[in-house]
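Next come the chains, spelled out residue by residue.
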Amino acid sequence: MDWHTRFRAYFPLALQKAYACQAYSSPMSPEVSQAVAVFFDRLTHGRSDKPEWLAAAQSVRRQVAQLIHAEAGQIAFTKNTTEGLNLVAQGYPWQPGDNLVIDDQEHPVNVVPWLNLRHRGVEVRVAATVDHRITLEALWQRVDARTRIVAVSHAQYGTGFRIDLQALGERCRNAGIALVVDGIQTVGLLPVDVQTWGISALACGAYKALHGPLGLGFVYVAPALLERLHPTHLGASAVNQVDRSVPGWALRCSDLHDARRLEGGNINYPAIYGLARALLLIEEARVDRLAPWTLGLARRLDAGLRQQGYQLLSSKLPGEDSHIVCLRHELAYALRKYLYSQRVMCNLLDSGALRFSLGGYNTEADVDLILAVTGRFARDPGLRRLLQQPVSSTPYPAP
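Residues numbered from 1 in each chain as written. Predicted model: local features only at pLDDT ≥ 70, side-chain atom pairs only at ≥ 80, totals over all residues. Heavy atoms only, no water.

Looking at the packing of helix H13 (residues 364–379) against helix H14 (residues 381–388)
Part 1: Look at H13 against H14: their axes get within 5 Å of each other, and the N-to-C directions meet at 100°. Here H13 is positioned roughly perpendicular relative to H14, judged by the angle of their axes. Of H14, the residues touching H13 (which contributes Arg 376, Phe 377, Ala 378 and Arg 379) are Pro 381, Leu 383, Arg 384 and Leu 387.
Part 2: In terms of residue class, the contact of H13 with H14 is made up of five nonpolar, no polar and three charged. (Axes fitted to C-alpha atoms, helices over the stretch in contact; angles between N-to-C directions. Helix = DSSP H or I, 4+ residues; strand = E, 2+ residues; numbered from the N terminus. Parallel < 35°, antiparallel > 145°, perpendicular 65-115°, else oblique. Contact = heavy atoms within 4.5 Å. Nonpolar A, V, L, I, M, F, W, Y, C, P; charged D, E, K, R; others polar.)

Some points on the sheet that holds strand E7 (residues 201–205)
Part 1: Taken in spatial order, the seven strands of this open sheet run E2-E8-E7-E6-E5-E3-E4, and their pairing is mixed. A single partner strand is all that each edge strand has here, and the edge strands are strand E2 (75–78) and strand E4 (123–127). Geometrically, the sheet is characterised by an average inter-axis angle of 20° between neighbouring strands, direction not taken into account.
Part 2: Looking at chain direction, strand E3 (residues 99–103) and E4 are connected through five bridges and run parallel. (Pairing = 2+ DSSP bridges.)

Examining helix H10 (residues 269–285)
Part 1: Its 17 residues give H10 an end-to-end C-alpha distance of 25 Å, which sits within 8% of 24 Å, the value for a rise of 1.5 Å per residue.
Part 2: Regarding H10, the residues found buried are Tyr 269, Pro 270, Ala 271, Ile 272, Tyr 273, Gly 274, Leu 275, Ala 278, Leu 279, Leu 281, Ile 282 and Ala 285.
Part 3: Arg 286, located one to two residues past H10, shows a positive phi value of around 75°. (Expected span 1.5 Å × (residues − 1). Buried < 20%, exposed > 50% of the residue type's maximum accessible area, 1.4 Å probe, protein only.)

Observations concerning helix H11 (residues 287–307)
Part 1: Here H11 is 21 residues long and its end C-alpha atoms lie 30 Å apart, about the 30 Å a rise of 1.5 Å per residue gives.
Part 2: Of the positions making up H11, those classed as buried are Val 287, Leu 290, Ala 291, Thr 294, Leu 295, Leu 297, Ala 298, Leu 301, Asp 302, Gly 304 and Leu 305.
Part 3: Directly after H11, the chain includes Gly 309, whose backbone phi takes a positive value near 95°.

Description of the packing of aromatic side chains
Part 1: Enumeration according to the criterion identifies nine aromatic pairs in this entry.
Part 2: Centroid distance Phe 39 to Phe 40: 5.5 Å. Interplanar angle 85°. Geometry classified as edge-to-face.
Part 3: The exposure class assigned to Phe 40 is partly exposed, which follows from its relative accessible area of 43%.
Part 4: Taken together, a centroid distance of 5.3 Å and an interplanar angle of 50° make the contact between Phe 39 and Trp 53 tilted. Of this pair, Phe 39 sits in helix H3 (residues 30–44) while Trp 53 sits in helix H4 (residues 50–68), placing them 14 residues apart in sequence.
Part 5: For Phe 39, a relative accessible area of 3% puts it in the buried group.
Part 6: Through a chain of ring-to-ring contacts, three or more aromatic side chains come together here, namely Phe 39, Phe 40, Trp 53, Tyr 269 and Tyr 273.
Part 7: The lysine or arginine in question, Arg 171, covers the ring of Trp 140, its NZ or CZ lying 5.8 Å from the ring centre.
Part 8: When the ring centre of Trp 249 is taken as origin, the NZ or CZ atom of Arg 244, which lies over that ring, is 4.7 Å away. (Phe/Tyr/Trp six-rings, centres within 6.5 Å; stacked < 30°, edge-to-face > 60°. Lys NZ or Arg CZ within 6 Å of the ring centre and 35° of its normal.)

So, the pattern of salt bridges
Part 1: Overall, the coordinates contain 21 salt bridges when judged by the stated rule.
Part 2: Close ionic contact of Arg 61 with Glu 263 constitutes a salt bridge, the shortest N to O distance being 2.7 Å. With Arg 61 in helix H4 and Glu 263 in the loop between strand E10 (250–253) and H10, the pair connects residues that are 202 residues apart, well separated along the chain.
Part 3: Taking relative accessible area as the criterion, Arg 61 reaches 4% and is therefore assigned buried.
Part 4: The salt bridge partner of Arg 146 is Asp 98, with a shortest N-O separation of 2.9 Å. Highlighted residues: Arg 146 in the loop between helix H7 (136–140) and strand E5 (147–153) and Asp 98 in the loop between helix H5 (81–91) and E3, separated in sequence by 48 residues.
Part 5: Linked by salt bridges that have partners in common, Asp 98, Arg 146 and Arg 148 make up one network. (Salt bridge = Lys/Arg side-chain N within 4 Å of Asp/Glu carboxyl O.)

Quick look at the structure:
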């Protein structure tokens, strides 16, 4: 059995439908859900305890670190991407007059934590995109001597645009600016190298490209930034300790370079067990095979949609494409309805764009089905009129 057939078999939903919702949520593999169930079964019958959970968490830290070319001590577990970004945003030692730069096509997850800093006097500068692309030059036009952070997504949720993190990281490193990345769309599917690319922090949830459970994520923080962070919310951990030997007691951190100091209390151990299994699936398939496979499918879909006359928002330039393909159409809702009726799952975004996002479990046959449905929709005005009706008792015709 070849690697792709084996990987695809882990996702029953992908065998039933053309699942093109990777950017929304990965289909859950029974392997992952069973790993979570094992945690609760052991807990129910008193066959596990916290030392085992902590050991499992350390093992998963190493798996995550290996995936993004980091060290285990630079990984803190969070409940989602938002928490990871907030740990950086609220923990950074801002001074009056400081600013940060974002761009105007970011997901709200990578906007709200930064806008929330305005009450602390931090200026938030927004770089403008052109033709749905955010260029390094556009970002750098907003940078000055008081810029402390540039925050971007590796792949944009609403266009699929993939920024050159290595080039941006080099600029930020040379200027002494921290590069903070929302990596939820790419980590586990496309190559990410936080050290070589000069990324200061990367936040990621587990339930998209990592194929893990909801309610768990991680944040990577480089040593130079980690030692400067002082989050507003702290809790007892392996690193944060109370020194009772001094009057009034004192908070001690045993190692400023250990990312566990950003954690507090119990992390999501059941989801840790699930993520451990999900990471094994990725390790078995290998990102160096998943990435070209998925990008190839996305390029095929992009080219087919353009040929059918659709307006694509995704970039065709080398290195700027991703597994996400987005189009704009005045009847996007009707098109999505037809796609769903033909066993194609995709997303209609709040921007009105229709998003297809592919995973390593997808096939050329999935792309062919999508294009057959979109092609019929583009050619048949009667079908478009039928789909605009609020209720229809007649099944929509197959392509």
